[in-house]
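The primary structure of each chain is shown beneath.
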Amino acid sequence: MSNNEKIALVSGANRGIGEAIATGLAHEGVHVLLGCRDLANGETAAAPLTEKGLKVTPVQLDITDDESVERLAKHIAETFGRLDILVNNAGVGLDFVPGLSVVEKMEQTLSLNVVGGLRLTEALLDLLSASPAPRIVNVSSELASFGLRHDPTWEHADKVLPTYAASKAAVNALTVSYAARLADKGFKVNAICPGFTATAATNFGPDRQPEEAAVIAIRMALVGDEAPNGGFFNDAGEIAW
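Everything numeric here is computed off the predicted structure, so don't read it as measured data.

1. Brief notes about the layout of surface pockets
- In this structure, the second largest pocket occupies an estimated 200 Å³ of space.
- Together, Gly16, Glu19, Ala20, Thr23, Gly24, Leu49, Pro210, Glu211, Ala214, Val215, Ile218 and Arg219 line the second largest pocket.
- Taken together, the elements giving at least two residues each to the lining of the second largest pocket come down to helix 1 (16-27) and helix 7 (210-221).
- With 6 residues, helix 7 is the largest single contributor of residues to the lining of the second largest pocket.
- Residue composition of the lining of the second largest pocket, by class: 6 nonpolar, 3 polar and 3 charged.

In structure tokens:
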């Protein structure tokens, strides 16, 4: 490994937006660790990328499992000694899943989208601190924006996903807190919205493709020292909290 080679971890990276983010970072010369709950799925996703000469390595990661997170942190420490980029992409939306109460949906959504990302971030802070330019990108959603949701002309004003939106609002709050906490260590911590995208979570309904959705995450993962810290962005610019 070259000392100039950036090391990134993308959670939920074996499909959809996570896979597109990992692929895009790899095309930028980053060695990307594809975090996947099922390692076999990660190996399947990685195979066509490694055949193209891209540096991607599938790693087992379940962000709801302390042992899985701790095992991966230890592996990164022993193999690379640092981590430059963390993309907290793994998430779930359960608002339209039948057979669950609203409370059950909220509990499960918070466990993955909020507590899981928090668990992973905390486990990797020391490794990120060893980077000369540590970056954390939290995948959020415009649905968490109170400013946009109070605008009746907003294009997604008709979308009501209360548990998902609440979880992403919590992600935004954590983004601001971590950005302030880590600013003096050179971190850039930002939240992004990938947009309404054709993935399994949306039943592949929209026209927007994961490669388009990944652009803003890749951009914020590679920002320089003069970039914003503690902001919320999509590919059109800054989003109101």
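2. Some points on helix 1
- Counted at 1.5 Å a residue, the expected span for helix 1 with its 12 residues is 16 Å, and the 17 Å between its end C-alpha atoms agrees.
- Along helix 1, 9 of the 12 residues are buried, which leaves the element largely enclosed by surrounding structure.
- At the exit of helix 1 stands glycine 29, carrying a positive phi of roughly 90°.

3. Brief notes about the nonpolar core
- Formed by 33 residues in total, the largest nonpolar core has its most connected members in Val10, Ile21, Leu25, Val32, Leu34 and Val87.
- Those elements that place two or more of their residues in this core are strand 1 (7-11), helix 1, strand 2 (31-36), helix 2 (39-51), strand 4 (85-88), strand 5 (135-139) and helix 7.
- When residues of this core are assigned to their parent elements, the largest contribution, 7 residues, is made by helix 7.
- Look past the residues within four positions of valine 32 in its chain and what remains in contact with it is Ala8, Val10, Ala22, Leu25, Ala26, Lys55, Val56 and Thr57.
- Of all hydrophobic cores here, the second largest spans 26 residues; its members include Val59, Ile63, Leu86 and Leu127.

4. Quick look at the sheet that holds strand 8 (residues 237-238)
- Strand order in this open sheet of 8 strands is 3-2-1-4-5-6-7-8, and the pairing throughout is mixed. Every other strand in the sheet has two partners, leaving strand 3 (56-60) and strand 8 as the edge strands with one partner each.
- Both strand 2 and strand 3 contribute to a ladder of 5 bridges, which runs parallel. The residue of strand 3 that forms the bridge with valine 32 is valine 56.
- Its contacts with the sheet put helix 6 (residues 162-182) on strand 5, strand 6 (188-192) and strand 7 (232-234), and the angle it makes with strand 6 is roughly 165°.
- Taken strand by strand, helix 7 contacts strand 4, strand 5, strand 6 and strand 7, and its axis lies near 160° from that of strand 5.

5. Regarding empty space enclosed by the protein
- Inspection of every chain in the model, using the stated rule, returns 1 cavity of 30 Å³ or more.
- Approximately 160 Å³ is the volume found for the largest cavity.
- If you go around the largest cavity, you meet 16 residues; those closest to its centre are Asn88, Asn113, Gly117, Asn138 and Val171.
- Listing elements by their share of the lining of the largest cavity, those giving two or more residues are helix 4 (102-129), strand 5 and helix 6.
- The element best represented in the lining of the largest cavity is helix 4, accounting for 5 residues.

6. A short note on the packing of helix 1 against helix 7
- The N-to-C vectors of helix 1 and helix 7 enclose an angle of 55°; their axes lie 8 Å apart at closest approach. Classified by the angle their axes make, helix 1 and helix 7 are oblique. When you trace helix 1 past helix 7, the crossing you get is right-handed. Between helix 1, through Gly16, Ile17, Ala20, Ile21, Gly24 and Leu25, and helix 7, the contact on the second element is made entirely by Pro210, Glu211, Ala213, Ala214, Ala217, Ile218 and Ala221.
- When its residues are assigned to classes, the contact of helix 1 with helix 7 shows 10 nonpolar, 2 polar and 1 charged.

7. Describing the pattern of salt bridges
- Here the structure, examined in full by the defined rule, presents 6 salt bridges.
- The partner of aspartate 84 in a salt bridge is arginine 82, and the shortest N-O contact between them spans 3.1 Å. Each member of the pair, aspartate 84 together with arginine 82, is buried.
- Among the salt bridges present, the one from glutamate 122 reaches arginine 181, with a minimum N-O distance of 3.0 Å. Of this pair, glutamate 122 sits in helix 4 while arginine 181 is found in helix 6, placing the two residues 59 residues apart along the sequence.
- Look at arginine 181 and you get partly exposed, because its relative accessible area is 46%.

Criteria and thresholds
- Residues numbered from 1 in each chain as written.
- Predicted model: local features only at pLDDT ≥ 70, side-chain atom pairs only at ≥ 80, totals over all residues.
- Heavy atoms only, no water.
- 1 Å grid on protein atoms, 1.4 Å probe; cavity = no way out; pocket = protein on both sides within 12 Å on 5 of 7 lines; lining within 4 Å.
- Points joined across faces, edges and corners; volume = space filled by probe spheres on them.
- Helix = DSSP H or I, 4+ residues; strand = E, 2+ residues; numbered from the N terminus.
- Nonpolar A, V, L, I, M, F, W, Y, C, P; charged D, E, K, R; others polar.
- Expected span 1.5 Å × (residues − 1).
- Buried < 20%, exposed > 50% of the residue type's maximum accessible area, 1.4 Å probe, protein only.
- Core = buried A, V, L, I, M, F, W, Y, C linked by side-chain atoms within 4.5 Å.
- Contact = heavy atoms within 4.5 Å.
- Pairing = 2+ DSSP bridges.
- Axes fitted to C-alpha atoms, helices over the stretch in contact; angles between N-to-C directions.
- Parallel < 35°, antiparallel > 145°, perpendicular 65-115°, else oblique.
- Left-handed = near helix turned anticlockwise from the far one by under 90°.
- Salt bridge = Lys/Arg side-chain N within 4 Å of Asp/Glu carboxyl O.

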